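Secondary and tertiary structure notes
What follows is the residue order along each chain.
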Amino acid sequence: MHIDTQLLEPDQIIESDVCIIGAGPAGTTSAQEFLDSDLRVTLLESGGLEYNPRAQQLSSGEISGDLYEPMEDTHLRQVGGTANHWIIKMADKEFGYRYAPLNDVDFKPRAAVPNSGWPITRKELEPYYQRAHTACEIGPFRYQAGSWDKQGFETLDVEEKGLVNNYFAFGPTRVFTKTIPEKIAGSKNVNLYYNATVVELLCHADSDKVSCAKVRTFDGKETLFKAQYFILTGGGYQTARLLLASNRQKSNGLGNEHDVVGRYYMDHSLSPSGNFYPHDLKLINRLGVYDMRLIDGASILGKLGFTEKTLEEQQLLNFTATVFPMPKARDVDALKALRSIAIDLKGRRFPKHLLRNAYKGLLGGKHLMHVLFQLLIHGAPIMPGFGQGGWSKTHDNHKKFERLELLAFVEQSPMPDNRVTLSNEKDELGMPKLKAHYKWREQDLKSISKAGKLMGQALSATNLGRFVPAGDGNKPVIGSLGLHHIMGTTRMGNDPATSVVDKHCKVHSLDNLYIASSSVFTTGGYANPTLTILALALRVTDTVKTRVTAGEVSFQNQQEVLEAVT
């Protein structure tokens with residue numbers, strides 16, 4: 001059932017067996033596992049069924065160091081969460097998102113990555129990765145080289161040069177924004193409360209259990225949601241914020257006895273690594289493996305990465321690169337110039353630099369006419385990239401393109417001084433805002449440069465072309481410092497002195513509070529975090545199901561809840 005919290009009578013106490021906080025991909029996936037069971041489940045979402053800018057502004061905060069994107073732009077408060085912004089056009093034309101699991105090496109302690117080493121292994125997550133694929137309609141769980149039909153295309157011969165060919169997979173956005181929410185709407189045992197911003201988790205004095213979640217709406221009404229177990233499924237910013245702001249009983253916040261909550265903040269960066277110029281441009285026609293293709297009902301995209309041996313021997317952060325064919329720089333400038341004009345016109349604005357951009361567009365006129373024709377006939381993209389595949393559908397790519405651009409996804413080291421803390425400023429609901437601080441580690445920048453050079457050397461060693469690094473070849477070009485993959489702020493570990501949750505994602509000092517979020521990541525690898533988040537959410541859900549069914553935690557009585565509030 002869907003319930004608008006703003007329509008509830010004030011000062012109610014609503015009980016359930018399990019309370020899930022956050023109705024994004026992790027929260028909806030967890031809630032789906034409880035459908036049609038004997039358990040009563042509450043799913044709380046700060047936003048509404050549609051986008052609400054007033055709710056979104058609750059995520060605003062302060063940034064410092066090398067950060068530059070407003071905090072409220074990194075995640076979405078709405079049923080379905082940030083999935084509402086996932087608009088990659090998959091090979092079957094549905095809108096979707098990119099997935100990949102963490103590598104085995106990402107779970108291990110590594111000399112090149114300070115504070116690395118998860119308390120679990122990739123093998124332990126494997127069955128949950130596979131379940132996530134099924135639950136979220138991603139297709140077969142296959143990411144390794146040779147696991148998909150090449151359809152007559154080739155891969156770059158780099159397997160003996162320290163590199164490996166593997167894949168990204170894609171799954172539909174609608175699973176989180178429509179499919180699961182619609183199932184919940186018809187459920188008798190799972191209730192989704194939207195416009196329900198949790199401003200505090202409450203514990204009874206000296207208790208190791210959360211009593212209830214306090215929800216406040218814009219009209220000032222408060223509702224207490226009481227449960228046996230709580231699962232936090234928000235992102236890396238808001239999960240840490242809620243723990244820090246829940247400081248009524250514990251002045252440093254919940255789970256923060258050792259000042260770890262909010263530390264080890266990480267993201268992924270995007271780095272244009274360079275361009276590979278084939279000696280024979282017809283090679284591009286044969287490399288369709290690196291295009292998004294529909295195989296066995298799944299959308300997949302080939303990419304290049306490093307072997308575990310290379311990462312360890314060369315002391316590298318994890319690093320993977322997509323391979324997109326690109327036209328001459330003049331033609332790229334022409335497309336960008338015309339796009340700028342189109343965006344201004346669509347927004348009913350007089351185009352900036354109209355004459356200059358129109359002139360640039362004319363210079364690329366021949367290429368533009370060619371790609372527009374291919375778009376109409378074959379559905380090939382005007383510019384290959386993450387937003388849409390299909391360039392390999394045509395057989396004259398050697399006439400349109402002159403190079404292969406390598407665009408890398410790179411890991412960041414988990415460092416304790418990169419962190420989020422509470423601000424002195426409060427949001428509209430009276431909850432303290434966040435301050436986020438991130439500074440590049442010099443060794444991370446060196447690792448990115450080194451990885452780009454090594455990948456370029458491996459490609460040049462194929463004797464199929466020449467590699468030209470981006471920039472001056474000494475410092476990496478950072479296209480985007482962060483990809484909104486906020487991780488690490490409630491990290492997993494065995495030692496409560498250096499982590500927030502244990503290997504089961506339970507907060508060390510609280511018996512009934514679990515976190516299924518990118519915030520528990522110990523390291524981030526290169527992979528988009530969503531698949532691992534979903535795997536952890538399924539794993540946490542199984543644990544909570546087992547515990548609540550066994551009756552391990554009983555409800556606190558009404559008086560204890562009221563005492564926790566006061």
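Anything mentioned here points back to the structure above.
Description of the structure in this document. (Residues numbered from 1 in each chain as written. Predicted model: local features only at pLDDT ≥ 70, side-chain atom pairs only at ≥ 80, totals over all residues. Heavy atoms only, no water.)

Here serine 519 is to be found in the loop between strand S20 (513-515) and helix H12 (530-549). Sequence-distant contacts of serine 519, that is, excluding residues within four places in its chain, are made with Gly235, Gly236, Thr239, Ile486, Met487, Gly488, Thr489, Thr490 and Arg491. (Helix = DSSP H or I, 4+ residues; strand = E, 2+ residues; numbered from the N terminus. Contact = heavy atoms within 4.5 Å.)

The next thing to look at is the nonpolar core. Of all hydrophobic cores here, the largest spans 148 residues; its most connected members are Ile21, Leu44 and Leu201. No other element matches H12, which puts ten residues into this core. Ignoring any residue separated from it by four or fewer positions in sequence, one finds leucine 44 in contact with Cys19, Ile20, Ile21, Gly22, Ala23, Tyr193, Ala196, Val198, Ala213, Val215 and Phe225. In terms of nonpolar packing, the next biggest core, distinct from the first, is built from seven residues, Trp148, Tyr167, Val289 and Ala298 among them. (Core = buried A, V, L, I, M, F, W, Y, C linked by side-chain atoms within 4.5 Å. Buried < 20%, exposed > 50% of the residue type's maximum accessible area, 1.4 Å probe, protein only.)

Put simply, helix H1 (residues 25-34) and H12 touch, their axes get as near as 9 Å, and they point 40° apart. Crossing handedness for the pair H1 and H12: right-handed. Every residue of H12 that contacts H1 at Pro25, Ala26, Thr29, Ser30, Glu33 and Phe34 is listed here: Ile533, Leu534, Ala537, Leu538, Thr541, Val544 and Lys545. Its residues assigned to classes, the contact of H1 with H12 comprises eight nonpolar, three polar and two charged. (Axes fitted to C-alpha atoms, helices over the stretch in contact; angles between N-to-C directions. Left-handed = near helix turned anticlockwise from the far one by under 90°. Nonpolar A, V, L, I, M, F, W, Y, C, P; charged D, E, K, R; others polar.)

Here we come to the sheet that holds strand S18 (residues 432-438). Read from one edge to the other, the open sheet built from three strands follows the order S4-S18-S17, with strand pairing classed as mixed. Each edge of the open sheet carries a strand with a single partner, namely strand S4 (62-65) and strand S17 (419-426). Going across the sheet, the axis of each strand differs from the next one's by a mean of 25°, ignoring polarity. Both S17 and S18 contribute to a ladder of five bridges, which runs antiparallel. In the strand pairing of S18, valine 420 is matched with alanine 436. Sitting on the sheet, helix H5 (residues 236-245) touches S17 and S18, and the angle it makes with S17 is about 60°. (Pairing = 2+ DSSP bridges.)

For the rest of this paragraph, the subject is unusual backbone geometry. Unusually for a residue other than glycine, glutamine 151 sits at a positive phi of about 55°. Within the secondary structure, glutamine 151 sits in the loop between helix H3 (122-135) and strand S7 (163-172). The phi dihedral of cysteine 505 falls on the positive side, at around 70°, and the residue is not glycine. As for its placement among the helices and strands, cysteine 505 is situated in the loop between strand S19 (465-469) and S20. Given the relative accessible area of 0%, cysteine 505 is considered buried.

This part takes up the packing of H1 against helix H4 (residues 174-185). Two elements in contact, H1 and H4, have axes separated by 10 Å at closest approach and are oriented at 35°. Regarding H1 and H4, the two cross each other, and that crossing is left-handed. Of the residues in H4, those touching H1 at Pro25, Thr28, Thr29, Ala31 and Gln32 are Phe176, Ile180, Lys183 and Ile184. In terms of residue class, the contact of H1 with H4 is made up of five nonpolar, three polar and one charged.

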